[in-house]
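Listed below are the residues making up each chain.
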Amino acid sequence: MMAKERTNRSDVYKIGISVAGMILWVFSAARITGYGWREQLMFLALVPAVILLGRFVQHFRLPLGLKFTRERITFTLSDGIVLLVACSFGLAPAVFIAGIDGFTGSRRTARRLSSNFFSSAMMSLGAAAAAISLGAVLHYGFGEEPGTGLNHTLLAAAVALLVGSIVQIAVNIVLFSTLFALRQDNPAADVFKGFLWTAPMFLPNGAAATLMYYALQHDPKIIVVVGVPLFVAVYFGQRHYRDGVQKRIAVMEKAHRETIEALAVAINAKDAVTHDHVLRVQIYAAGVARALGCAADEIEALKAGALLHDIGKIAVPDYILNKPGKLTAAEFEKMKIHPIAGAQILSRVEFPYPIVPVVRHHHERWDGNGYPDGLRGEDIPLTARILAVVDCFDAVREDRQYRKGMTREEAIDVIIRGSGTQYDPRVVGTFISYLAEFETEIRTHRGAPLPTFGIEPSEQLSEAARRVLPATGLAEEEAVKPSGEKDPDEMKSLCDLARAVISAVGKDEIVEAFTATLNSVIPYCNCAITLVDPVTGNSSVTNAVGQNWMSLVGRSVAPGEGVTGWVLANRKPFCNADPKLDLPPSVIKQFPDYRTLAVFPIINDSVMYGAVTVYSSALARYTQSHQKLMKEAVALMAAALGATTHTNTREKRRSADDDGLSPLAETGSSLGLGETVQEHELTH
């Protein structure tokens, strides 16, 4: 919507200036018929001369501060002739020649009549303002009448031509900077200041006009002797200046490219991004944007947005990003922050295209139920609506550890079902209509080296870095609520486990007793005990039982790494996720048939001792009954570990008639805990 408004305002402005300039040019062309035939022949002879000089122009893109535009500014040598004609013959001939010069010069860089007529009108208005100002200087400053041929004194002509050149520069800059400000929705005053650096490039035109005026007063042959070297010097001076600006633009483009790559590295450090995915989304997004008539800068913004739209996830905790299942309400609130954080990060970089709206609004919904601003319908930037569709289509087709990718038809069905509620129907329709063409373009990239987008494998920590101690705190454990009674067999199994761990002496014996008897409580194929080192705070698998148990023992587990790491960081149990989410690829190869897992934290009196992880290839999922038994069993071991740690204190509090199950009372648990355990589900 905003892009359309900017386009409409700039188009209205261009039409207005073009109409005003062309009316002035037609009026001036009619006025020169009132001159004598010799003057008319001179004016007509100057037209091919101006067109010839117009071939020696300098075109280059214009930098504004740290940004650069795709607009081109033109330095021409014929402005001196226009000023000379204005001083010698007045306003009408100067406007006539300037209008032709503007049109023919514009045709060399743009074949759009709208741009050609605007350039002609801008040059005509600038020439008219220059003629009026230099005429005022001659009349009021020196008492001489303008347009009287070559009869002015040299001082009067020199001053008048200098003033006229300055006015001509100012008018052209104001007209062009206003157009640019309307296109980019920037303050006109700021853009005008950015254009002022070009003014010195035009000043030699006034000096050249003065020398030509002096030569014509004395001997026209002097023009060849003086004018040609002067024009050559001005031409190469402007060319050297243009090359300097081009180098500056190249440096800025390189800086923007490196900035994007640096941000891409930041994204990859938090959320894995594949080169294939980025390339496909860029092709989809750019194709839809072109089909919908988006501007070139919006297409560039979409290409960058395909890579950077999730940069705000660096502000989201790892345990939320890596959680292999459903988010809680509090966790989802934190996840909703990432579009805002991403927009804030990218707003600090002066990108030459509007990427911030893409990033901030790519989670808005067509029906207004999205975030972060709850925008509805066409209030959502079109670029964000495009990215939302194409990114979803490609993402659901990729395999994830916790799900298989969808087929092409299934992915199409997903976005069609979301059309009119989650997605813009027009964007969905356009995307599906052109999908075959986009896929053909994608196929042309197969086998060719893919752009890296700055995404490289993360550097691994050195051994010295691994020995550095973390400074993390622990959250409070939620209270455990009792539930109903247990089955007699379950009660017996738990009692056997309780006797085993309570009769054990020391941490190692407790853990070994637990792993030896847990299989009678809950079925599993492999069990791994991850303990936190009380000195270093590091976590590692200290005990394991089951097939290939040696591949599990000794493995370090960082908080937030896999399902076990998430449980260590979040201090909550997690069940029924794919074991691939918990084990590194080198380990999971030894357990290809494992189907589910369950992880429970070992906590007693708010002290985190570690976690118990069980894996199963026989079970499709651990039921609520399994989970309750597992929780009770882990609570028994936690109580035993706590009792070992605080033996003297606990023995004073224990009564002489303790029946051996007192750890249950100390932890406030019973043999039936009814807390609901979160199930694995793809939601983020």
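A brief report on the enclosed structure follows. Counting restarts for each chain: residues are numbered from 1 in the order of the written sequence. Where totals are concerned, whole chains, interfaces and linings use all residues; where local detail is concerned, this predicted model gives features only for residues with pLDDT of at least 70, and gives and counts side-chain atom pairs only at 80 or more. With hydrogens and water stripped out, all remaining heavy atoms of the structure feed into the side-chain values.

### Topic: helix 22 (residues 562-570)
The classification of residues rests on relative accessible area computed with a 1.4 Å probe and restricted to protein chains. Under 20% of the type maximum is buried, over 50% is exposed, and intermediate values are partly exposed. Each helix is a run of H or I in the DSSP string that is no shorter than four residues. Each strand is a run of E no shorter than two, and both are numbered from the N terminus. For helix 22, the tally of buried residues reaches 8 of 9 residues, placing the bulk of the element in the interior. Taken residue by residue, helix 22 has Gly562, Val563, Thr564, Gly565, Trp566, Val567, Leu568 and Asn570 as its buried positions.

### Looking at the pattern of salt bridges
Any two side chains of opposite charge can pair if their charged atoms end up close together. Salt bridges are identified by distance alone: a Lys or Arg side-chain nitrogen within 4 Å of an Asp or Glu carboxyl oxygen. Inspection of the entire model under this criterion finds 12 salt bridges. Residue Asp373 is joined to Arg360 by a salt bridge in which the shortest nitrogen-to-oxygen separation is 2.8 Å. You can see Asp373 sitting in the loop between helix 15 (356-361) and helix 16 (382-395) and its partner Arg360 sitting in helix 15, a full 13 residues away along the chain. You can call Asp373 partly exposed: its relative accessible area is 35%. Across the salt bridge formed by Asp413 and Arg417, the nearest N and O atoms sit 2.2 Å from each other. In this pair, Asp413 and Arg417 both sit in helix 17 (residues 408-418), 4 residues apart, roughly one turn of the helix. Residue classification places Asp413 among the partly exposed positions, given a relative accessible area of 36%.

### Looking at the nonpolar core
Buried residues of nine kinds, namely Ala, Val, Leu, Ile, Met, Phe, Trp, Tyr and Cys, make up a nonpolar core once their side-chain atoms join them within 4.5 Å. Core analysis: the largest hydrophobic core is formed by 45 residues, its most contacted members being Tyr284, Val288, Ile355, Ile386, Val390, Phe393 and Phe431. Elements with a minimum of two residues in this core: helix 10 (275-291), helix 11 (296-308), helix 15, helix 16, helix 17 and helix 18 (425-443). The leading source of residues in this core is helix 10, at 9 residues.

### A few points about the sheet that holds strand 6 (residues 596-604)
In a beta sheet, neighbouring strands pair by backbone hydrogen bonds and run either parallel or antiparallel. Strand order in the open sheet formed by 5 strands is 4-3-7-6-5, and the pairing between neighbours is antiparallel. Strand pairing shows two members of the sheet lacking a second neighbour, strand 4 (539-546) and strand 5 (574-575), which therefore form its edges. Being paired, for any two strands, means DSSP has found at least two bridges between them. Both strand 6 and strand 7 (residues 607-616) contribute to a ladder of 9 bridges, which runs antiparallel. By the bridge assignment, Val599 is partnered in strand 7 with Thr613. Here helix 22 sits on the sheet and contacts strand 3 (526-532), strand 4, strand 5, strand 6 and strand 7; the angle it forms with strand 7, its principal contact strand, is near 155 degrees. Lying on the sheet, helix 24 (residues 624-645) is in contact with strand 5, strand 6 and strand 7; it crosses strand 6 at an angle near 35 degrees. Any two residues having at least one pair of non-hydrogen atoms within 4.5 Å are treated as being in contact. Here the axes come from fitting lines to C-alpha atoms, over the contacting stretch only for helices, and the angles between their N-to-C directions go from 0 to 180 degrees.

### Notes on the packing of helix 20 (residues 488-503) against helix 24
Close contact between helix 20 and helix 24 brings their axes to 9 Å; oriented N to C, the two are set at 20 degrees. The angle between helix 20 and helix 24 falls in the class roughly parallel. Relative to helix 24, helix 20 is oriented so that their crossing is right-handed. Across the interface between the two elements, Glu490, Leu494, Leu497, Ala498 and Val501 of helix 20 pack against Ser625, Leu629, Glu632, Ala633, Leu636 and Ala640 of helix 24. In terms of residue class, the contact of helix 20 with helix 24 is built from 8 nonpolar, 1 polar and 2 charged. Throughout this description, any angle smaller than 35 degrees is read as roughly parallel, any larger than 145 degrees as roughly antiparallel, any in the 65 to 115 degree range as roughly perpendicular, and the remainder as oblique. For any pair of crossing helices, the crossing counts as left-handed if the nearer helix is rotated counterclockwise from the farther one by less than a right angle, and right-handed if it is rotated clockwise. Side-chain classes follow a simple rule in which Ala, Val, Leu, Ile, Met, Phe, Trp, Tyr, Cys and Pro form the nonpolar group, Asp, Glu, Lys and Arg form the charged group, and the remainder, Gly included, forms the polar group.

### Describing the packing of helix 11 against helix 16
Relative orientation of the contacting elements helix 11 and helix 16 amounts to 40 degrees, with a least axis distance of 10 Å. In terms of orientation, helix 11 and helix 16 fall into the oblique class. The hand of the helix 11/helix 16 crossing is right-handed. Residues Glu298, Leu302, Gly305 and Ala306 of helix 11 form the contact with helix 16, whose participating residues are Thr383, Ile386 and Leu387. Residues of the contact of helix 11 with helix 16, tallied by class, amount to 4 nonpolar, 2 polar and 1 charged.

### Details of the packing of aromatic side chains
Classification of ring pairs rests on two measures: the distance between centres of Phe, Tyr or Trp rings, Trp counted by its six-membered ring, which must be within 6.5 Å, and the angle between planes, read as stacked under 30 degrees, edge-to-face over 60 and tilted in between. Considering all chains together, one arrives at 13 aromatic pairs under this definition. Centroid distance Phe332 to Tyr371: 5.9 Å. Interplanar angle 85 degrees. Geometry classified as edge-to-face. Of this pair, Phe332 sits in helix 13 (residues 329-335) while Tyr371 sits in the loop between helix 15 and helix 16, placing them 39 residues apart in sequence. Note on Tyr371: relative accessible area 14%, which makes it buried.

### Considerations on the pairing of strand 6
Buried residues dominate strand 6, accounting for 9 of its 9 residues. If you look at the hairpin formed by strand 6 and strand 7, you'll find 2 residues sitting between the two strands, and Asp605 has a positive phi there, around 50 degrees.

### With respect to unusual backbone geometry
In this model, Tyr371 is joined to Pro372 through a cis peptide bond whose omega is 10 degrees. Along the chain, Pro372 turns up in the loop between helix 15 and helix 16. One non-glycine residue, Asn576, adopts positive backbone phi at about 65 degrees. Its location among the elements puts Asn576 in the loop between strand 5 and helix 23 (585-588).

### Some details on the pairing of strand 7
Two faces make up the sheet, and in a regular strand the side chains alternate between them. With 9 of 10 residues buried, strand 7 is to be regarded as a mostly interior element. As judged from the 6 bridges shared by strand 3 and strand 7, these two strands associate in the antiparallel manner. Pairing of Cys527 across the sheet is with Val614, part of strand 7.

### Some remarks on the environment of Ala208
With respect to the helices, strands and loops of the structure, Ala208 is situated in helix 8 (residues 199-218). Between the C-alpha atom of Ala208 and that of Ala158, which follows or precedes it by 50 residues, the distance is 9.9 Å.

### A word on helix 21 (residues 506-517)
Spanning 12 residues, helix 21 covers 17 Å between terminal C-alpha atoms, matching the ideal 16 Å at 1.5 Å per step. Listing the buried residues of helix 21 in full gives Ile510, Val511, Ala513, Phe514 and Thr515. Buried residues belonging to helix 21 abut helix 20, strand 3, strand 4, strand 7 and helix 24. Take the residue count of a helix, subtract one, and multiply by 1.5 Å to get its expected span.

The analysis is restricted to geometry; functional conclusions fall outside its scope.
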